[in-house]
Amino acid sequence: MGVSEKGESPLFETKVREGRTWYKLYMLSVLLGTCLILVYRALHIPANGEKGRWAWIGLSMAEIWFGFYWILTQSARWNLVYRCTFKDRLSMRYKDNLPGVDIFVCTADPKIEPPIMVISTVLSVMAYEYPTEKLSVYLSDDGGSDITFYAFLEASRFAKAWIPFCKKFKIEPRSPAAYFKESYSGPDDKLVEWMEIKRLYEGMERSINSVANSGVVPDDIRKQHKGFSEWNGNATRSDHQPIVQILVDGRDEGARDNEGHVLPTLVYMAREKRPHRHHNFKAGAMNSLLRVSSEISNGALLLNVDCDMYSNNSETIKDALCFFMDEEKGHEFAFVQLPQHYNNITKNDLYGNSLLAISEIDFHGLDGHGGPLYIGSGCYHRRESLLGKKDDKTCKFELVEKERDYKSTASALEDRAKNLVTCTFEDNTQWGNKVGLKYGCPVEDVITGLSIQCNGWKSVYFNPQRRGFLGVAPVTLEQILIQHKRWSEGDLQILLSRYSPVSYGRNKITLGLQMCYSIYCLWAPCSIPTLCYAIIPPIYFLHGISLFPDVSDSWFLPFAYVITVTSIYSLLEGLEVGYTPKGWWNEQRIWLYKRLASYPFALFDTALKQIGIAKSAFVITAKVASDEVLKRYEKEVIEFGSASLPFVIIATVAVLSPVCFIMGLVRLLFVQGVGSMGSMLVQVIICGVVSLINLPVYEAMLVRQDAGRLPTSVALISLTVSLFAYVLPLN
Ligand SMILES: O=c1ccn([C@@H]2O[C@H](COP(=O)(O)OP(=O)(O)O[C@H]3O[C@H](CO)[C@@H](O)[C@H](O)[C@H]3O)[C@@H](O)[C@H]2O)c(=O)[nH]1
Ligand SMILES: [Mn+2]
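Residues numbered from 1 in each chain as written. Chains lettered and ligands numbered in written order. Predicted model: local features only at pLDDT ≥ 70, side-chain atom pairs only at ≥ 80, totals over all residues.

What to know about the overall build of the protein chain
A count of helical and extended segments in the protein chain gives 25 helices and 13 strands. Relative to the globule expectation of 27 Å for 731 residues, the C-alpha radius of gyration of the protein chain, 28 Å, shows essentially globular dimensions. With respect to the three principal axes, the spread of C-alpha positions in the protein chain is 90 × 60 × 60 Å. Across the 731 residues in the protein chain, those meeting the buried criterion constitute 47%. Pairs at least 24 residues apart make up 85% of the contacts formed inside the protein chain by residues separated by at least 6 positions. (Helix = DSSP H or I, 4+ residues; strand = E, 2+ residues; numbered from the N terminus. Rg over C-alpha atoms; globule rule 2.2 N^0.38 Å. Buried ≥ 20, exposed ≤ 12 C-beta atoms within 10 Å, placed from the backbone. Contact = placed C-beta atoms within 7 Å.)

Some remarks on the packing of helix H22 (residues 645-672) against helix H25 (residues 712-727)
As a packed pair, H22 and H25 sit with axes 8 Å apart at the nearest point and diverge in direction by 45°. In terms of orientation, H22 lies oblique with respect to H25. Crossing of H22 against H25: the hand is right-handed. Two secondary-structure elements touch here, H22 through Phe647, Val648, Ala651, Thr652, Val655, Leu656, Val659, Cys660 and Met663 and H25 through Val714, Ala715, Ile717, Ser718, Leu719, Val721, Ser722, Leu723, Ala725 and Tyr726. Its residues assigned to classes, the contact of H22 with H25 shows 16 nonpolar, three polar and no charged. (Axes fitted to C-alpha atoms, helices over the stretch in contact; angles between N-to-C directions. Parallel < 35°, antiparallel > 145°, perpendicular 65-115°, else oblique. Left-handed = near helix turned anticlockwise from the far one by under 90°. Nonpolar A, V, L, I, M, F, W, Y, C, P; charged D, E, K, R; others polar.)

A look at the sheet that holds strand S8 (residues 310-311)
In space, the three strands of this open sheet follow the order S8-S13-S10, with mixed pairing throughout. Here the strands that pair on one side only, and so sit at the sheet edges, are S8 and strand S10 (341-342). Both S10 and strand S13 (residues 469-471) contribute to a ladder of two bridges, which runs parallel. Across the sheet, His341 pairs through a bridge with Leu470, a residue of S13. (Pairing = 2+ DSSP bridges.)

Thoughts on the site of ligand 1
Every one of the 23 residues lining ligand 1 counts as a neighbour, but Cys106, Ala108, Phe281, Asp306 and Gly376 are closest to it. Residue assignment for the shell around ligand 1 shows that the elements contributing at least two residues are strand S3 (101-107), helix H9 (281-296) and helix H15 (477-496). Take the shell around ligand 1: its biggest share by element is four residues, from H15. Split by residue class, the shell around ligand 1 holds ten nonpolar, seven polar and six charged. A domain-level breakdown of the shell around ligand 1 finds at least three residues from each of domain 1 (21-78 + 510-727) and domain 2 (87-340 + 375-473). (Near = placed C-beta within 6 Å. Domains from an automatic or database assignment.)

Let's talk about the UniProt feature "active site" (unreviewed entry) in the protein chain
The sites that carry the UniProt feature "active site" (unreviewed entry) are, in the present numbering, Asp142 and Asp445. Secondary-structure assignment places Asp142 in the loop between strand S4 (135-141) and helix H5 (146-169). Here Asp142 falls in the buried class, since 25 other C-beta atoms lie within 10 Å of it. Here Asp142 is in contact with Thr107, Ala108 and Ala285, once residues within four sequence places are set aside. Looking at the element boundaries, Asp445 is found in helix H14 (residues 444-454). (UniProt positions renumbered as here; feature names shortened; annotations may be inferred.)

Side note on the domain arrangement of the protein chain
By the assigned domains, the protein chain splits into domain 1 (21-78 + 510-727) and domain 2 (87-340 + 375-473). Contacts between the two partners involve seven residues from domain 1, matched on the other side by 13 residues from domain 2. Grouping the amino acids of the side of domain 1 that touches domain 2 by side-chain chemistry returns five nonpolar, one polar and one charged.

Re the UniProt feature "transmembrane region" (unreviewed entry) in the protein chain
The sites that UniProt annotates as "transmembrane region" (unreviewed entry) are residues 21-42, 54-72, 517-543, 555-572, 645-670, 676-698 and 710-728. For residues 555-572, helix accounts for 94% and strand for 0%, while the C-alpha atoms at its two ends are 27 Å apart. Taken end to end, residues 676-698 is 74% helix and 0% strand, and its two terminal C-alpha atoms sit 29 Å from one another.

What to know about helix H18 (residues 556-577)
In an α-helix there are 3.6 residues to a turn, and that puts residues three or four apart on one side. The first and last C-alpha atoms of H18 sit 32 Å apart over 22 residues, in line with the 32 Å expected at 1.5 Å per residue. Those residues of H18 that sit buried are Pro558, Phe559 and Val562. Down the axis of H18, the smallest arc covering the buried residues is 105°, so these residues share one side. Exposed side chains of H18 directed beyond 90 degrees from the buried face belong to Thr564, Ser567, Ile568 and Leu572. Structurally, H18 contributes buried residues whose contacts are with helix H1 (21-43) and helix H23 (681-693). Positive phi appears at Gly578, one or two residues downstream of H18, with a value of about 115°. (Expected span 1.5 Å × (residues − 1). Arc of directions from axis to C-beta.)

Remarks on the sheet that holds strand S11 (residues 379-382)
If you trace the eight strands from one edge of the open sheet to the other, you get S5-S6-S4-S3-S7-S11-S9-S12, paired in mixed fashion. Only two strands of the sheet have a single partner each, and these edge strands are strand S5 (243-248) and strand S12 (458-461). On average, each strand axis in the sheet is tilted by 20° relative to the strand beside it, whichever way the strands run. Across six bridges, the pairing between S3 and strand S7 (residues 301-306) is parallel. Counterpart to Asp102 in the pairing with S7 is Leu302. Seen against the sheet, helix H4 (residues 115-126) touches S3, S4 and S7 and runs at an angle of roughly 170° to S3. Across the face of the sheet, helix H10 (residues 316-324) comes into contact with S3, S7, strand S9 (333-337), S11 and S12 while running at roughly 150° to S9.

Side note on the environment of Ala159
When you line up the elements, Ala159 lands in helix H5. The exposure class assigned to Ala159 is buried, which follows from the 26 C-beta atoms found within 10 Å. For the pair Ala159 and Leu123, spaced 36 residues apart in sequence, the C-alpha separation works out to 6.7 Å. Setting aside its immediate chain neighbours within four residues, Ala159 contacts Leu123, Met126, Asp257 and Leu263.

A word on the packing of H15 against helix H20 (residues 599-610)
Packing of H15 against H20 leaves a shortest axis separation of 8 Å and a crossing angle of 45°. By the angle class used here, H15 and H20 are oblique. Judged by the sense of rotation from one axis to the other, the crossing of H15 with H20 is right-handed. On H20, the residues touching Lys485, Ser488, Glu489, Leu492, Gln493 and Leu496 of H15 are Tyr599, Phe601, Ala602, Asp605, Thr606, Lys609 and Gln610. Grouping the amino acids of the contact of H15 with H20 by side-chain chemistry returns five nonpolar, four polar and four charged.

A look at the environment of Asp415
Checked against the element boundaries, Asp415 lands in helix H13 (residues 410-420). Once the C-alpha coordinates of Asp415 and Val502 are considered, the two residues, 87 residues apart in sequence, prove to be 44 Å apart.

Some points on the nonpolar core
In this structure, Val105, Val122, Tyr138, Phe152, Val267, Met269 and Val292 are the most contacted members of the largest nonpolar core, which totals 133 residues. Residue contributions to this core peak at 13 residues, all from H5. Domain assignment of the residues forming this core places at least three in each of domain 1 (21-78 + 510-727) and domain 2 (87-340 + 375-473). Counting 51 residues, the second largest nonpolar core, distinct from the first, contains Tyr40, Ile545, Met701 and Leu710. (Core = buried A, V, L, I, M, F, W, Y, C linked by C-beta atoms within 7 Å.)

Describing the pairing of S12
Burial along S12 is two-sided: Lys458 and Val460 facing one way and Ser459 and Tyr461 facing the other are all buried. Alignment of S9 against S12, held across four bridges, turns out to be parallel. Bridging from a neighbouring strand, Gln337 pairs with Tyr461 of S12.

As C-alpha cells, this is what we get:
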C-alpha cells in the first residue's frame, strides 16, 4: 500500500486489469487480417471498364475506414483501470471538516420532464449521507414554469420528513418515486413510519400531478408563498425576468427538518429569457448556476445531474471526495465522472440504451489514459477547474468551507444573484468561452471536459458496485435517433472546432486519450462506409457480380477470419458486460440504425453548420410516453409509427437485402449456374445477416396492426426503391 509523504495512507486505489495478453494477441491477428484484406483489394481491383470497379473502390474505402476506426477503438481497450475508495479513512481523517457541496439539477420543460420526476431527483440529492449544512441544491428551470416552482416548494416541505426517514433507516434509493415503486421490505417497527411517509408522498404526488395536468397553479396555492408573485406579470417560458428564490436557507437556524436537523439549502433559479436572446441551452443554465451558487453557498465541490437522473447511492459524494482529497494525487483531478445507467431498460435492452460496452469497458480504458469524458449528468467537479483555472499543481482541494456570505439576508442574496443571470450579464465576458461550460456545441459537456483536460487536469472514472445514478432512457426509436444525432453531431463538431482533440489536444493530453476522443468524434462519419457495406454487396449479388474472393481462394481466409473472430469477440464482450444474447443482438441492430438513420443527418447538419447556414440546436429528449407506447416498449416491440425519412431509410435498407437475395438467387439458378455461388458467399452472408437483423422491420410492415407499425407507404417506397436496384445500370 502506497503511503504519501506525510505518511497518510491513500484514500483511493487504482487497479489495472491484468491478463490482457490474449486480448493483445487477438488484436494483432485482426490487424494482420485487415491488412491482408486491403492487400487483396489493391491487387485485384477490376480494370477500367470491367464491371464492379467502382463498387470495388467503394468497398475498399469502407474497409480502410473500418480498419482505421477499429485501431482507434483499441485505444479504449488497451489499459483498463478500476478505482476503489476508502471512505472510512476519509471520515477518520477529516471527521466533519468537509467542503461545501453545491448540487445542480437542470430541467427545461414541465411537459416532457414532469415536475414530480424533477423533484424526486431533487429529493434524492438532498438526502445524501453528508452534513446537511454543507449541502446546497439548485434547480435551474429553463421552462421558467410556476408549476415546476410549485412542485419544488412542495418538495421543500416533504424533505422535512423525507431526509430524516432516509437517514434513520439508511434506505436506498433516496428518490421517493423510485423508492416507493418497490414494495415494503424490512423490519416491522419501520413499517408504520414507512406507511406514514408513503401516504405523505402520495398526497404530494397527487397535488403536483393535478396542478401539472391542469396547467395552472390555483390561487389558494399561489397565496402560500411570495415566490409566486414572479409569475404575476406575463412571464412565459421564453420571455421573463430573472428569478432566484431561496426556498430553504441553510444558514437559517429555523430551517430544520422534523427531527431538528438543519436542512440543506434549496434554491430555485430561472435565468432571464428574452425572445431574441440566445440562451445556449444547458450550458447557459449551468453557467448561470455557477454564478448564482458562488453568490449563495460557494461550495468547493459541484455535482451536476439531469432532472431525470436521481441519486441511487447516497455515498457517492464521499467517494468523490476520496479522489479530490487524497493527499498525494488529489490535486490532479478536475472531475469524477460516474457512469450513467437507466432504470427503465427492458430485459434485452430493446434500443441498446445502456451502452454497456462504453460504461463497463471504454471508460475504464479512457481512465487509463488520463481520464474519462465529462458526460453531463452524474459528474463531480472541482469548482475552480470548471471556471477555467489551469492545474498549476498547487490546487489543493479546499478543505475548509470557501468564503460564504453569512451576513447578508436571503433576499439580499437573491437580489445579487438575479443580477448574475440576466440576458446581458455575459456580454463581453469570457463566459461560455474561457470560463464555465463552452457554448455553441450540442454536447457542451464533452467539449468542456476536453478543454479542462487540456488545461492540465486529469479526471477519474468511478464505477461503484451500487449504481451511482439512474436516469430515464428514451423509449421510442425516434427519440434514440434524435438523441444520437445530437451526440454524434456535437462530437463531430468538437473535432472540427478549435478545441479539437487532435490539434488542440496535442501535447496537452496523451496520444491514447486523443485516440479515445476520436472514437466518439467520428461516430457520424462511420455512417457512410456502413451505408456502402449495407447497400453495395446485395445489389451486386443481384446482378451476379462478385466483390469478394471465392471460397476456394486463399484470400477468402482473411475475410472469414476477421468477420468471424470480431463477431465472436463482440458477442463475448457483450455477455461479459451484462447483455443477454438477445440484448447483444438488439444492440447490434441499433448501431446499424444509428449509422443508417441518425448519423447521416448529423453529418449533413454539421456540413451546413460549417458553411454557416445552420446553427446547432438542442432537442430535449422526452421522458414521458403514452401508456400504449410504454406497453409496447415493455413487450420489446420497436416503435416506428410514422413515415419519417429516417424510418424510410431503415426500411429501404432492410427490404433491399432480401429482395436482392431472392432475385439474385433466381438468376444464379437459371442464368449463371450455382457453380458461381462460391464467389458470392460473402455477399450472400451479408444479405442474410442484414435480413436477419431486420426481422422486426418486416414484422412492423407486414404483420403488426398497432399504432407503432410502419405505415404502408413506407413499405411501398422501400419496395419500389429495392426493385429499382434491378434496373440499375452497373459499371
Ligand atoms: O435548454 C436546455 C436544454 C436542456 N436542458 C437540460 O439538460 C439536460 C439533458 O437533456 P436531455 O434532453 O435529457 O438530453 P440527454 O441526451 O439525455 O443528455 C445527455 O447529453 C447532453 C448533451 O447532449 C448533456 O447535456 C446531458 O447532461 C447528458 O445526460 C436535461 O436535464 C434538460 O432539462 C436545459 O437545462 N436547458
Ligand atoms: Mn436525459
